[in-house]
Every structure is written in C-alpha cells, then in structure tokens.
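# Summary of the model geometry
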Amino acid sequence: MGRFKVAVIEGDGIGPEVCRAACEVLEKTGEIFGHEFEFNKALAGGIAIDETGECLPEATVNLCRASDSVLLGAVGGPKWDDLSGEARPETALLGLREELGLYANLRPATIHMALKNACPLKEEIIGDGIDILIVRELTGGIYFGEKGWKGSKNGMKAYDVESYSEAEVKRIAIRAFDSAMKRQKRVVSVDKANVMESSRLWRRVVTEVSHDYPEVELTHMYVDNAAMQLIKDPRQFDVMVTSNIFGDILSDEASMITGSIGLLPSASLGEGSFGMYEPIHGSAPDIAGQNTANPIAAILSSAMMLRHSFGLIEEARCIENAVTKVLELGYRTYDIKDSYKIIKSEEGRESVTSMIMGCKEMGSLITNMIQAENKVFANNTSF
C-alpha cells in the first residue's frame, strides 16, 4: 500500500493526450495493487508562456519539489519559434533538470517483437531483438555551458561551450556501471576524444571508474563510429554512457531502430528516488488534438516511474506486460500502422491483422489489459 504525489506537466502539442493515457494506466494499476496516486497539474513550456509569461514558473518548480515524482508530456512548437533562446519553451526542460538535480537520463531502446516489421533494419541485423540502455548526462556539457554572441571580423559570431568537470563525469559513469551490473555487464563510453579536450577528460574519468567494476567490460567509442555501429550492429550494445549532446542525438537514432519514436520512455534521475519521467518524442503539434498520437512511450514512462522512484517492480512489469500483450494482439496507433502481425490458421493459411486506433483508445486498451491480466476485474473487461 502506498500513496504517491505526482506532478503532471502535460505541456504542449500531444503532451496532454499522452499524459492522460499514462495517468489512466497508473490509476488502474494503483486500484489493482492497492496504491493511490495524487496527480497535481503544473505548467511548463509554451502553454506556460501563454498563461504566465515565462516557460518555467516558480510555482511549477515548487510543486515538483513537493511531489514524489514528475510526469512530463512534451513542450514546444512553431508558435514560439521566434522567441529568443532563454525564453523558448524548451528552456523549461533544462531548467527542470537543473532545479531538480536530475543529472542522469535513462533511455531504454528495445524492440517489441510484435513490431519487428516496423524496424527499418534487416531481419538478420536485429535477430531476436535489441535491448540497449542509453545513460545520458543531463545537466552539463554544451547545453549548460557558456554561450553568447559577439562581434568578429567576419560579422557576428555565436558560441556554445562544451565543458565537464571530473565530478560530473564520475557520477554519470557510476550510474552507467551500476546499470550494467544488472544487465549484460558491458559498457560503451561514447566521446570524441580524438578532437575535444572535454572528451579526453570524459574518457579518463570513465576509465578510472571502471576499475571499481572489474566484472564490467568497458569499451570506448568515438561518437561518429557509435552512430554507424547502432545501424550496422545494434546488438553489440548493452549500456551506452554519453555526454549530454551525444546522448540526445544517439538516443533518437536508437529510437527509430525500434520502429517509432512514439514507443520509447525515459527517466531523468538525481540522487535518491526522485525522478522526472517523459516520452522521448516531441510535442508533434501537427497532430495535436487529433487523437492520433501514440501514448505508449508515456505509458512506459509511468512504468519506469513505478520502478525507479517508488520501487514497485511488480506493478511496473504489469504495465509493461500489458503493452506487450496489446501489441501482440495486433492493435496499433497511426505511427506504427504499417507494422503488422501474420497469423497462421490451423490449415496453414496466413492472414494479416492490424487494428488501428487513436491515442485515447490505445490507452484504454492497455488499461483494460492490466485489469484483465490481473484477474481482478476480468468480468467487466472485453476486447
């Protein structure tokens, strides 16, 4: 039995739609396992600019600090593209990470075998599946370094500084090695040490940390090679640890290997159990309000919340298994509508099934599957 306060930042675009689906799933999971979730909404991003004049109001930060975890949808959109850097909706994300001390971003990239056909890679490359965990440093590097504009002989010059301290690298390396100890005990550290001083420091510190984990195999890889290897042979990776900007790029690349950016969750963690959980996709303003978004990444983010912030392992697996089951039954959202399942009859005839549904309907299906699979309210459930 537990009672948990969750700050919900729906944000912009499809954020409100996917957050509603995730909250529905959490409520049903709590009902089954005897937990209560108190959801408190807060503003950040473009909608916060429209309603308060700033992308990250102090009230939002305070609410998050008073909560046990944060569920975030997505922020940004073309409506606010003309704003200056510090005033843009996306700045709210950097502010939340910094204010809440969330330095480690965990982004799992796995293939649901029911969606194998959605993977753009050849079948012989993906084999029996891909399971990668990208551990991205989140509060340092070029996104938080010195930046500005200044005059030069060639006109105005803009600059962003990539900078890391030993302490920043050490703590994210420890997070990566700890994660690897629970997996296949392999870490690939991604840098650009052949060019960048910050990467040379990164490589030295990661190597030093590895000495405390003799069971874990450490490999160093330049970021350009890592990008190629993700496509060429993704199964070689277990845990990847990266700087802020490299992790931002590589995790999006990894997401497309799985079939859709709408499928992958993430957890942003600091010290202790507090975390912020969000799908890795953007606000997708072109489909906002059309009930065509994929809520699975947000729903799986809520499962990561249960696991990492609340220690509710069985409940997290319940959500993850429900997602897998719904996909195996052939239900699809519009972004993965071309992935299908081939069913063979007893006579050996093949047929293709793929049932397309909207964001709300997919969320309800997963909620109902949680209910049915746990046999608690099965009499009221139908598919």
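Below: a short report on this structure.

This paragraph deals with the nonpolar core. Ranked by size, the top nonpolar core spans 92 residues in total, and within it Met240 and Ile366 carry the most contacts. With nine residues, helix α1 (residues 15-33) is the single largest residue contributor to this core. Non-local contacts of Met240, meaning those with residues more than four positions away in its chain, are made with Ile132, Leu133, Ile134, Val135, Val188, Val190, Ala226, Leu230 and Leu250. Judged by nonpolar contacts, the second largest core, of 20 residues, contains Ala7, Cys55, Ala92 and Phe274.

Inspection of every chain in the model, using the stated rule, returns six aromatic pairs. With a centroid separation of 6.3 Å and an interplanar angle of 20 degrees, the aromatic rings of Phe37 and Phe39 are classed as stacked. Since its relative accessible area comes to 10%, Phe37 is described here as buried. Between Phe177 and Tyr213, the aromatic rings sit 5.1 Å apart at their centres with planes inclined by 20 degrees, giving stacked as the arrangement. Taken together, the positions of Phe177 in helix α6 (residues 166-181) and Tyr213 in the loop between α7 (197-210) and β9 (217-222) put the pair 36 residues apart, joining distant regions of the chain. Overall, the relative accessible area of 0% leaves Phe177 in the buried class. Among the aromatic residues, ring-to-ring pairing joins Phe4, Phe37, Phe39 and Phe310 into one connected group. Of note, Lys192 hangs over the ring of Tyr222, and the distance from its end group to the ring centre comes to 5.7 Å.

The next point concerns the sheet that holds strand β4 (residues 104-110). Adjacent strands of a sheet form backbone hydrogen bonds with each other and so pair up, either parallel or antiparallel. Judged by pairing direction, the sheet is mixed, and its 10 strands sit side by side in the order β2-β1-β3-β12-β11-β4-β5-β10-β8-β9 without closing on themselves. The open sheet has two edge strands with one neighbour each: β2 (35-41) and β9. Going from strand to strand, the sheet's axes swing by 25 degrees on average, the running direction of each strand aside. The pairing of strand β1 (residues 2-11) with strand β3 (residues 69-74) spans five bridges and is classified as parallel.

Now for α1. With 19 residues, α1 extends 27 Å between its outermost C-alpha atoms, agreeing within 8% with the 27 Å of an ideal straight helix rising 1.5 Å per residue. Most of α1 is tucked away, with 15 of its 19 residues classed as buried. The first or second residue beyond α1 is Gly34, which carries a positive phi of 85 degrees.

Another point: the packing of α1 against helix α12 (residues 359-373). Contact geometry of α1 with α12 gives a least axis separation of 9 Å together with a crossing angle of 10 degrees. Put simply, α1 runs roughly parallel to α12. Crossing angle aside, the handedness with which α1 passes α12 is right-handed. Residue-level contacts link Glu17, Val18, Ala21, Glu24, Val25, Lys28, Thr29 and Ile32 of α1 to Cys359, Gly363, Ser364, Ile366, Thr367, Ile370 and Gln371 of α12. Per-class residue counts for the contact of α1 with α12 are seven nonpolar, five polar and three charged.

Bringing helix α9 (residues 244-257) into the picture now. Taking 1.5 Å as the rise per residue, α9 with 14 residues should run 20 Å; its terminal C-alpha atoms sit 20 Å apart, in good agreement. Among all positions in α9, only Asn244, Phe246, Gly247, Leu250, Ser251, Ala254, Ser255 and Ile257 are buried. Along the long axis of α9, the arc covered by the buried residues comes to 155 degrees, so they all point the same way. Buried residues in α9 make contact with β4, β5 (131-137), β8 (186-191), α7, α8 (223-232) and β10 (239-242). Directly after α9, the chain includes Gly259, whose backbone phi takes a positive value near 120 degrees.

Attention now moves to the side chain of Thr29. Locating Thr29 in the fold gives a position in helix α1. Its relative accessible area of 1% is what places Thr29 among the buried residues. Dropping the residues within four chain positions of it, Thr29 is found in contact with Leu306, Glu315, Ile319 and Ile370.

On to the state of the cysteines. Counted according to the given criterion, the structure contains zero disulfides. No disulfide involves Cys19; its nearest neighbouring cysteine sulfur is the one of Cys23, lying 6.2 Å away.

A word on the environment of Glu271. When you line up the elements, Glu271 lands in the loop between β11 (265-269) and β12 (275-279). In this structure Glu271 comes out as exposed when scored by relative accessible area, which is 61%. Between the C-alpha atom of Glu271 and that of Ala226, which follows or precedes it by 45 residues, the distance is 28 Å. Those residues in contact with Glu271, other than ones at most four positions away along the chain, are Gly101 and Tyr103.

Across the seven residues that make up β5, a large majority, six, are buried. Where β4 meets β5, seven bridges bridge the pair, whose relative direction is antiparallel. Counterpart to Leu106 in the pairing with β5 is Val135. For β5 and β10, the ladder comprises four bridges, and the chain directions are parallel. Residue pairing across strands places Arg136 opposite Thr242, the latter belonging to β10.

Conventions used here
- Residues numbered from 1 in each chain as written.
- Predicted model: local features only at pLDDT ≥ 70, side-chain atom pairs only at ≥ 80, totals over all residues.
- Heavy atoms only, no water.
- Core = buried A, V, L, I, M, F, W, Y, C linked by side-chain atoms within 4.5 Å.
- Buried < 20%, exposed > 50% of the residue type's maximum accessible area, 1.4 Å probe, protein only.
- Helix = DSSP H or I, 4+ residues; strand = E, 2+ residues; numbered from the N terminus.
- Contact = heavy atoms within 4.5 Å.
- Phe/Tyr/Trp six-rings, centres within 6.5 Å; stacked < 30°, edge-to-face > 60°.
- Lys NZ or Arg CZ within 6 Å of the ring centre and 35° of its normal.
- Pairing = 2+ DSSP bridges.
- Axes fitted to C-alpha atoms, helices over the stretch in contact; angles between N-to-C directions.
- Expected span 1.5 Å × (residues − 1).
- Parallel < 35°, antiparallel > 145°, perpendicular 65-115°, else oblique.
- Left-handed = near helix turned anticlockwise from the far one by under 90°.
- Nonpolar A, V, L, I, M, F, W, Y, C, P; charged D, E, K, R; others polar.
- Arc of directions from axis to C-beta.
- Disulfide = S-S within 2.5 Å.

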